[in-house]
Amino acid sequence: MQLQLTSLNSGSNGNCYYIGNEHEAVLVDAGLSCLETERRMMRLGLSLRKVKAIFVSHEHSDHIRGVPVIARKYNIPVYITPDTHFRGRLHNEQFTAVPFKAYEPVQIGNLTITGFPKWHDACDPHSFIVSSKEVTVGVFTDIGEPCDHVIHHFKLCHAAILEANYDDGLLAKGRYPYHLKQRIKSRHGHLSNEQALNLFTSHKPVFMSHVLLGHLSKDNNCPKLVKQLFDLNANGTEVVVASRFQETPIYTINSTFTPIKHFKGEQLQLEW
């Protein structure tokens, strides 16, 4: 079994991730408008009519902005915790809301989605893994620091969307006020490049074929910088920077990945 993965957008201006098989798909968060979500999926040859559920990670607007309209227009159930539903002010919206609990798998056709807690400045934040038989894809964004829940699930993934929000040096020198810098760096804030890299190098399974670096700050990070940082430590995993302006290509994830290696002279090198 294979899974298809794409980031439709990743950043403080909107977050939306598509994961599916040949029969059904889910969205993790829906932070783009319905129209823009449709446009980006159409460019990829995808349809919202294949999406059978939306899973909401937390109540911040860049993760829920498109939820009500998408859910109503396409009659898609929204899996959301009661606290997130209330704090996101979605309780007056007309769509089908389905509560979920951490570590209780939800079955959507042949997809199994499991939510688990994380550190972030939201009322009841969760991350998710999506599995189809032996293939697992995880979404790990909006995390202050990697807790045991995050580490455990990261080790299971054949592909992951991993937050790399800010570079320490760029944040320190940047224009943000002191209190905002402290909030970003706190355990309820976001992952820095170094924190994300440490999670990646310390806990990446050998079968992880792709890592999509997401939720990069427009002001406090540099796509080229973080790509180079991860490429140096990829060990055969393809590194992709997910854009805050456009969708990524669709990546096909399967369980048969092995790092591509070849010999040059007497030195073994990895081919990225």
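Below is a summary of the structure that appears in this document. (Residues numbered from 1 in each chain as written. Predicted model: local features only at pLDDT ≥ 70, side-chain atom pairs only at ≥ 80, totals over all residues. Heavy atoms only, no water.)

Opposite charge on two side chains lets them pair, provided their charged atoms get close. All chains considered together, the criterion is met by nine salt bridges. The salt bridge involving Arg40 is made with Glu36; its shortest N-O contact spans 2.8 Å. Highlighted residues: Arg40 and Glu36, both in helix α1 (residues 34–43), separated by four residues, approximately one helical turn. Across the pair, exposure class does not vary: Arg40 and Glu36 are buried alike. In this structure, Glu38 and Lys73 form a salt bridge, with 2.7 Å as the shortest nitrogen-oxygen distance. Here the residue Glu38 occupies a position in helix α1, and Lys73 occupies one in helix α3 (residues 67–74), the gap between them amounting to 35 residues. On the accessibility criterion, Glu38 (15% relative accessible area) is buried. Put simply, Glu36, Arg39 and Arg40 are held in one network by salt bridges that share partners. (Salt bridge = Lys/Arg side-chain N within 4 Å of Asp/Glu carboxyl O. Helix = DSSP H or I, 4+ residues; strand = E, 2+ residues; numbered from the N terminus. Buried < 20%, exposed > 50% of the residue type's maximum accessible area, 1.4 Å probe, protein only.)

Spatial strand order, β7-β8-β9-β10-β11-β12-β13: seven strands in an open sheet with mixed pairing. Whereas interior strands pair on both sides, the edge strands pair on one side only; in this sheet they are β7 (106–108) and β13 (238–241). On average, adjacent strands in this sheet sit at an angle of 20° to one another, irrespective of strand direction. In the sheet, strand β8 (residues 111–117) pairs with strand β9 (residues 126–132) via six bridges, with the strands oriented antiparallel. If you follow Thr112 over to β9, its bridge partner there is Ser131. Here helix α9 (residues 223–231) sits on the sheet and contacts β11 (159–163), β12 (210–214) and β13; the angle it forms with β13, its principal contact strand, is near 165°. (Pairing = 2+ DSSP bridges. Axes fitted to C-alpha atoms, helices over the stretch in contact; angles between N-to-C directions. Contact = heavy atoms within 4.5 Å.)

A full pass over the atoms with the stated rule returns six aromatic pairs. Geometrically, the ring pair formed by Phe55 and Phe128 is edge-to-face, given 5.6 Å between the ring centres and 65° between the ring planes. Of this pair, Phe55 sits in strand β4 (residues 51–55) while Phe128 sits in strand β9, placing them 73 residues apart in sequence. Residue Phe55 is classed as buried on the basis of its relative accessible area of 2%. With a centroid separation of 5.2 Å and 50° between ring planes, the pair formed by Phe200 and Phe230 is classed as tilted. Of this pair, Phe200 sits in helix α8 (residues 193–203) while Phe230 is found in helix α9, placing the two residues 30 residues apart along the sequence. An identical accessibility class is assigned to Phe200 and Phe230; each is buried. Lying across the ring of Trp119, Arg187 places its NZ or CZ 3.9 Å from the centre. A cation over a ring is seen here: Arg244 above Phe245, with NZ or CZ 5.9 Å from the ring centre. (Phe/Tyr/Trp six-rings, centres within 6.5 Å; stacked < 30°, edge-to-face > 60°. Lys NZ or Arg CZ within 6 Å of the ring centre and 35° of its normal.)

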